[in-house]
Amino acid sequence: MWIASPHSGIFQCTKKLFLSEQAGRAQAVEFLRKNAANSISMANLLMGLSSVLCSLNGQYHYAGWLVLTGFVLDLADGAVARQLNACSALGAKLDDFADFTSFGLATGLLLQAHGLLDGLLVIVYVLAVFTRLCFFSSGMPFMYRGLPCPYGASMVAATYFLTGGHLVAMRLMAMVMILFMVDQGFYPHDKVLESQAWKKAIFGGGILVLLFHTSFLASLYFLIWSISYIFFPNTLWSYKV
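Residues numbered from 1 in each chain as written. Predicted model: local features only at pLDDT ≥ 70, side-chain atom pairs only at ≥ 80, totals over all residues. Heavy atoms only, no water.

- Under an unreviewed UniProt entry, the name given to the protein chain is cardiolipin synthase (CMP-forming), and the source organism is Pseudonaja textilis.
- In its Catalytic activity (unreviewed entry) section, UniProt records this for the protein chain: "a CDP-1,2-diacyl-sn-glycerol + a 1,2-diacyl-sn-glycero-3-phospho-(1'-sn-glycerol) = a cardiolipin + CMP + H(+)".
- The record in UniProt for the protein chain states the following under Sequence similarities (unreviewed entry): "Belongs to the CDP-alcohol phosphatidyltransferase class-I family." (UniProt positions renumbered as here; feature names shortened; annotations may be inferred.)

What follows is the structure in structure tokens.
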């Protein structure tokens, strides 16, 4: 009659425990891989919602700062999703919702509607962002239709800081950005983190000026960045360049 050794039982239990821990780690890594980009989109959404709350409380300086932070996060989420092979329909919807919140609602509130015409401009701006997101797919590889709304929001927020919150200047800038967003012109897919080293350096510079420099320098940096994309899209920012 064969009697199992107690050491054999301990070995089997240890083996099962090791395999279960290994499987658990693999599942955790896979979960992180699938949701890394979604986490960045959620952070962008959080920036947008926080900006909305700041504007409602009259803290427009912080509201504009959060919009610019959302701009940087929006450029990162798609790159992370593609690098980790974690693109999904859920991620695309989450990204659109975050963009609408940060670059539509939050940016619209920066315009500070105090009357009927001001309120109408805010509504039109938000609708322009909504329209832009609906026309996201152009049917052409590496191309957008209409100016991507993060660049419009960056221009408005930068104008706020550079002019000291001058409402007329901000509203004029918003009107111009509305025209760029709804004209359905073609703009290249700005894969900043998946392209040349100088584009990655510009992205890194954007993070640095947000963290360590004054609002004037940061807003000037983002203004020049956005203008270069708006007026020299294919010359400078095409993915194929």
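Back to the write-up after that little detour.
## Things to note about the overall build of the protein chain
Point 1. Scanning the protein chain from N- to C-terminus turns up nine helices and two strands.
Point 2. Going through the 241 residues of the protein chain one by one, you find that 45% of them count as buried.
Point 3. Taking contacts inside the protein chain between residues at least 6 apart in sequence as the whole, the part at least 24 apart equals 75%.
Point 4. Of the roughly 12,700 Å² of accessible surface on the protein chain, 72% is carried by carbon and sulfur atoms. (Helix = DSSP H or I, 4+ residues; strand = E, 2+ residues; numbered from the N terminus. Buried < 20%, exposed > 50% of the residue type's maximum accessible area, 1.4 Å probe, protein only. Contact = heavy atoms within 4.5 Å. Areas by Shrake-Rupley, 256 points an atom, 1.4 Å probe, with all protein chains shown as cover.)

## Points about unusual backbone geometry
Point 1. Even without being a glycine, Q112 presents a positive backbone phi close to 55°.
Point 2. Of note, Q112 is situated in the loop between α3 (89-110) and α4 (116-134).

## Quick notes on the packing of helix α5 (residues 149-162) against helix α8 (residues 215-231)
Point 1. Interaxial distance between α5 and α8 falls to 8 Å at its minimum, and their mutual angle equals 145°. Judged by the twist between their axes, the crossing of α5 over α8 is left-handed. Taken together, the residues of α8 that come into contact with α5 (itself represented by Y151, S154, M155, A158, F161 and L162) are S215, F216, S219, L220, F222, L223, W225, S226, I227, Y229 and I230.
Point 2. Considered class by class, the residues forming the contact of α5 with α8 number 13 nonpolar, four polar and no charged. (Axes fitted to C-alpha atoms, helices over the stretch in contact; angles between N-to-C directions. Left-handed = near helix turned anticlockwise from the far one by under 90°. Nonpolar A, V, L, I, M, F, W, Y, C, P; charged D, E, K, R; others polar.)

## Some details on the side chain of T159
Point 1. Relative to the elements of secondary structure, T159 occurs in helix α5.
Point 2. Residues in contact with T159, not counting those within four places in the same chain, are A169, M170 and M173.

## A few points about the confidence of the model for the protein chain
Point 1. Taken residue by residue, the protein chain gives an average pLDDT of 84. The fraction at 70 or more is 81%.
Point 2. Put simply, helix α1 (residues 6-56) is where the protein chain has its lowest mean pLDDT, 72, and α5 is where it has its highest, 96. (pLDDT = per-residue confidence, 0-100.)

## Focus on helix α6 (residues 167-182)
Point 1. Between the first and last C-alpha of α6 there are 22 Å, a value that for 16 residues agrees with the 22 Å anticipated at 1.5 Å per step.
Point 2. Every buried residue of α6 is accounted for by M170, R171, M173, A174, M177, I178 and M181. For α6, the angular spread of the buried residues around the axis is 160°, confining them to a single face. The exposed residues of α6 that point more than 90 degrees off its buried face are V168 and L179.
Point 3. Buried residues in α6 make contact with α3, α4, α5 and α8. (Expected span 1.5 Å × (residues − 1). Arc of directions from axis to C-beta.)

## Thoughts on the UniProt feature "transmembrane region" (unreviewed entry) in the protein chain
Point 1. Here, the residues flagged by UniProt with the feature "transmembrane region" (unreviewed entry) are residues 120-140, 160-182 and 202-232.
Point 2. The distance separating the terminal C-alpha atoms of residues 160-182 is 22 Å; by composition the span is 83% helix and 0% strand.
Point 3. For the annotated span residues 202-232, helix accounts for 90% and strand for 0% of the residues, and the straight-line distance between the end C-alpha atoms is 16 Å.

## Structural notes on the pattern of salt bridges
Point 1. Counting across every chain of the model gives one salt bridge.
Point 2. Put simply, D118 and R171 hold a salt bridge, and the shortest N to O gap is 3.3 Å. Of this pair, D118 sits in helix α4 while R171 is found in helix α6, placing the two residues 53 residues apart along the sequence. Of the two residues, D118 and R171, neither departs from the other in class, the shared state being buried. (Salt bridge = Lys/Arg side-chain N within 4 Å of Asp/Glu carboxyl O.)

## Digging into the nonpolar core
Point 1. Ranked by size, the top nonpolar core spans 54 residues in total, and within it F71, L111, Y125, L147, F222 and W225 carry the most contacts.
Point 2. Mapped onto this core, the elements with two or more residues apiece are α1, α2 (60-83), α3, α4, α5, α6, α7 (197-212) and α8.
Point 3. Looking at this core, the element that brings in the most residues is α2, giving 10 residues.
Point 4. Not counting the four nearest positions on each side in its chain, F71 is found in contact with F103, P150, Y151, S154, F222 and W225. (Core = buried A, V, L, I, M, F, W, Y, C linked by side-chain atoms within 4.5 Å.)

## Quick word on the side chain of S51
Point 1. As for its placement among the helices and strands, S51 is situated in helix α1.
Point 2. Classification of S51 as buried rests on a relative accessible area of 0%.
Point 3. Ignoring any residue separated from it by four or fewer positions in sequence, one finds S51 in contact with A63, L66, V67 and A106.

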